[in-house]
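A look at the structure
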Amino acid sequence: MSAEPTSAENPWPVRTVARKIAEWINRLGSVWVEGQVTQVNARPGTQTAFLTLRDPAADVSMTVTCPTGLLRGIEPPLRDGASVVVFAKPTFYLGRGTISLRASEIRAVGIGELLARIERLRRLLAAEGLFAAERKRRLPFLPKGIGLITGRASAAERDVLVNAHARWPAAPFQVVNTAVQGVQAVPQIVKALHMLDADPSVEVIVIARGGGSVEDLLPFSDETLCRAVAAARTPVVSAIGHEPDTPLLDHVADVRCSTPTDAGKRVVPDVKEETERVRQLRDRARRALHGWVDTQCRLLDQLRSRPVLADPMGPVDRRADEIELHRERGRRAVLNLVSHEQAAIAGARGTLAALGPAATLERGYAVVQYRDEAGNLQVLRHISEVAEGTPLRVRVVDGAVHAVARSTEPGE
């Protein structure tokens, strides 16, 4: 298809643009398309039936036309939310400027096929680690805010609120009602999840729905929803269906509850149980404190009963007596020593006095010293030691008699 250049002076008319688009779309050929049916319109007496095919993971839909007989031949009849595979050719309608799919074959996706697809997705998410236990977070003991995503006026909403408030009447809930089945479920639930996850007052998010068929619970095995839950920063509780129902959301969520009733009991503690636990802990603390005080009192009594504390001045008095005894012994020893030394001094003084010159003179003799011929000082022991007739000179100085050299002068 050749394209002539256009400009503001040489524009294409609408019909030309529409024709070129139609020619290009017609060249695409037929394709297999999978989606969910959101609207079926097959009026009696008409040859063409209309239905809307929507992508369950995105807000995208297309119109599908087919022969009425083709639609009526499907068993069981198609209904809103049914998953189908359509073999159709894209068609552009020039008059309205719209595009639709002209279906020549429509196949309803059976339960076995749905389960097989869910199983393939389960293996994929598990391989990526979205089911790993180490990435799951613990729920807060008493959340300051609880987000609840569920159907409007549903039994699941009532079960969660009634059971949670029965356990903790002041539990604060922020309820967001969404579609919980059909083609609108996944986009609405993901939007509500993002809104609650961004709210800092919400510390746990509960996604709840009652039981249903595999097709009804199909949105909770959607890949987009599972990845959104895995990426949430707030802990997510899955409470979908009954005990046997296990959508993929149960594996991705941080906590899986068997029923919405179980979720109401898991997100908040029981005020009666906690009050009883507090009472028991207070009793245990009181008993422990009393026991400790009693033990310390007994220990103090034992310490006070010991002799050192019963009579604290007794050891001091006994030590004082010992000190006085030792002091008296020391005094007597010093006196004895002084007396002994005084006696020794007196004896030495007597000996010295007896040997002194004065005492000798008093006894009538004297000790005379003289110098010999060599000039050495000698003690005169006997008069025969000097020549007879040799005169001696005796001089008394301070009571002491000193001998000097032999005098040559007569009469000295």
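Here, every reference points to the structure presented above.
So, here is what we can say about the structure in this document. (Residues numbered from 1 in each chain as written. Predicted model: local features only at pLDDT ≥ 70, side-chain atom pairs only at ≥ 80, totals over all residues. Heavy atoms only, no water.)

**Let's talk about the pattern of salt bridges**
- Per the counting criterion, the structure on display carries 17 salt bridges.
- The shortest N-O distance in the salt bridge between Asp254 and Arg137 comes to 2.9 Å. Linking Asp254 in the loop between helix H7 (248–252) and strand E10 (255–256) with Arg137 in the loop between helix H3 (111–127) and strand E6 (146–150), this pair joins segments that are 117 residues apart in sequence.
- In this structure, Arg279 and Glu276 form a salt bridge, with 2.4 Å as the shortest nitrogen-oxygen distance. With a gap of 3 residues between them, Arg279 and Glu276 both fall in helix H9 (residues 271–305), about one helical turn apart.
- Overlapping salt bridges bring together Glu276, Arg279, Asp283 and Arg286 as one network. (Salt bridge = Lys/Arg side-chain N within 4 Å of Asp/Glu carboxyl O. Helix = DSSP H or I, 4+ residues; strand = E, 2+ residues; numbered from the N terminus.)

**Describing the sheet that holds strand E3 (residues 61–67)**
- Around the barrel, 5 strands lie side by side as E1-E2-E3-E5-E4; this closed barrel has mixed pairing. This sheet shows a mean twist of 55 degrees between the axes of neighbouring strands, independent of strand direction.
- Examined bridge by bridge, strand E4 (residues 83–93) and strand E5 (residues 98–108) share 10 bridges and lie antiparallel to one another. The partner of Ala88 across the bridge, within E5, is Ala103.
- Running over the sheet, helix H1 (residues 14–26) touches E4 and E5 and is turned about 145 degrees from E4. (Pairing = 2+ DSSP bridges. Axes fitted to C-alpha atoms, helices over the stretch in contact; angles between N-to-C directions. Contact = heavy atoms within 4.5 Å.)

**A look at unusual backbone geometry**
- Positive phi, normally seen in glycine, also occurs at Ala153, with a value near 50 degrees.
- Note that Ala153 resides in the loop between E6 and helix H4 (155–167).
- Owing to a relative accessible area of 72%, Ala153 belongs among the exposed residues under this scheme. (Buried < 20%, exposed > 50% of the residue type's maximum accessible area, 1.4 Å probe, protein only.)

**Here we look at the nonpolar core**
- Judged by nonpolar contacts, the single largest core of 35 residues is most densely connected at Ile149, Ile207, Phe220, Val229 and Val236.
- Elements with a minimum of two residues in this core: H3, helix H5 (185–197), strand E8 (204–209), helix H6 (223–231), strand E9 (236–240) and H7.
- Ranked by residue count, the leading element in this core is H5, at 7 residues.
- Apart from residues lying up to four places away in sequence, Phe220 is in contact with Val180, Ile189, Ile207, Arg209, Leu225, Cys226, Ile240, Pro247, Leu248 and Leu249.
- The next biggest cluster of nonpolar side chains, apart from the first, holds 19 residues, and it includes Val160, Ala171, Val237 and Val255. (Core = buried A, V, L, I, M, F, W, Y, C linked by side-chain atoms within 4.5 Å.)

None of the figures reported here should be taken as evidence of function without further support.
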